[in-house]
Amino acid sequence: ELAGIMVTRLVALVVVLGIAIALRSPLRGFGGAGKTLIGMGVLDALAISLVTASARLPNPEYAAIASSLFGALPILLAWRLLKEAVQPLQGAGIATVFAGIAVLSAQG
């Protein structure tokens, strides 16, 4: 899995750097939001890589369900930290994700 993951990440990096060079965007001084965005990208790539690599572990279905949290956790964080409203359909989706994890856990 590592070879496949690294190839896609390197291709993406080359494409982004190529676009930045073509647009004559400054490549130095990633301050402020730039550092945050780079950190988010690294953490996202790590999370997706770990989900992909978990296919060889026992009970890989946990990774499939847990990867559904990629969409649910930001909604929960926005609700809790930013006091944003959670729509009924969003709440149902979050409940479904956690119910799926509970059902898998109950199966042992």
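A. Region of the structure containing the overall build of the protein. Along the protein, the regular secondary structure elements total five helices and zero strands. Going residue by residue from the N terminus, the α and β elements of the protein occur as α-α-α-α-α. Compactness check: the protein gives a C-alpha radius of gyration of 18 Å against a globular reference of 13 Å for 108 residues, more than 25% above the reference. Each principal axis of the C-alpha atoms in the protein carries an extent, and together these give about 55 × 40 × 20 Å. For the protein, the proportion of its 108 residues judged to be buried stands at 12%. Within the protein, contacts between residues separated by at least 24 positions form 50% of all contacts whose residues are at least 6 apart in sequence. As presented, the protein carries roughly 8,200 Å² of accessible surface, and 73% of it is formed by carbon and sulfur atoms. Treating the 7 positive side-chain charges of the protein as one cloud and the 4 negative ones as another, the clouds have centres 16 Å apart.

B. Representation of the environment of Leu 23 in the model. Along the chain, the position of Leu 23 falls in the loop between helix H1 (2-22) and helix H2 (33-53). Sequence separation between Leu 23 and Ile 5 is 18 residues, and the spatial gap between their C-alpha atoms is 27 Å.

C. Focus on the confidence of the model for the protein. Counting all residues, the mean pLDDT for the protein is 79, and 92% of those residues have values of 70 or more. Confidence, expressed as mean pLDDT per element, reaches its minimum in the protein at helix H3 (residues 61-66) with 74 and its maximum at helix H5 (residues 88-107) with 84.

D. Representation of H2 in the model. For H2, with 21 residues, the first-to-last C-alpha span of 30 Å sits near the 30 Å given by 1.5 Å per residue. Looking only at H2, the buried set comprises Gly 34, Ala 45 and Ser 49. Along the axis of H2, the buried positions cluster into a sector of 40°, meaning they face one direction only. Facing away from the buried surface of H2 by more than 90 degrees, the exposed residues are Ala 33, Met 40, Leu 43 and Leu 50.

E. Representation of the environment of Arg 80. Topologically, Arg 80 is positioned in helix H4 (residues 69-81). Along the backbone, Arg 80 and Ile 101 are 21 residues apart, and their C-alpha atoms lie at a distance of 21 Å.

What counts, and where the lines are drawn
- Residues numbered from 1 in each chain as written.
- Predicted model: local features only at pLDDT ≥ 70, side-chain atom pairs only at ≥ 80, totals over all residues.
- Heavy atoms only, no water.
- Helix = DSSP H or I, 4+ residues; strand = E, 2+ residues; numbered from the N terminus.
- Rg over C-alpha atoms; globule rule 2.2 N^0.38 Å.
- Buried < 20%, exposed > 50% of the residue type's maximum accessible area, 1.4 Å probe, protein only.
- Contact = heavy atoms within 4.5 Å.
- Areas by Shrake-Rupley, 256 points an atom, 1.4 Å probe, with all protein chains shown as cover.
- Lys, Arg positive; Asp, Glu negative; His and termini not counted.
- Charge placed at Lys NZ, Arg CZ, Asp CG, Glu CD.
- pLDDT = per-residue confidence, 0-100.
- Expected span 1.5 Å × (residues − 1).
- Arc of directions from axis to C-beta.

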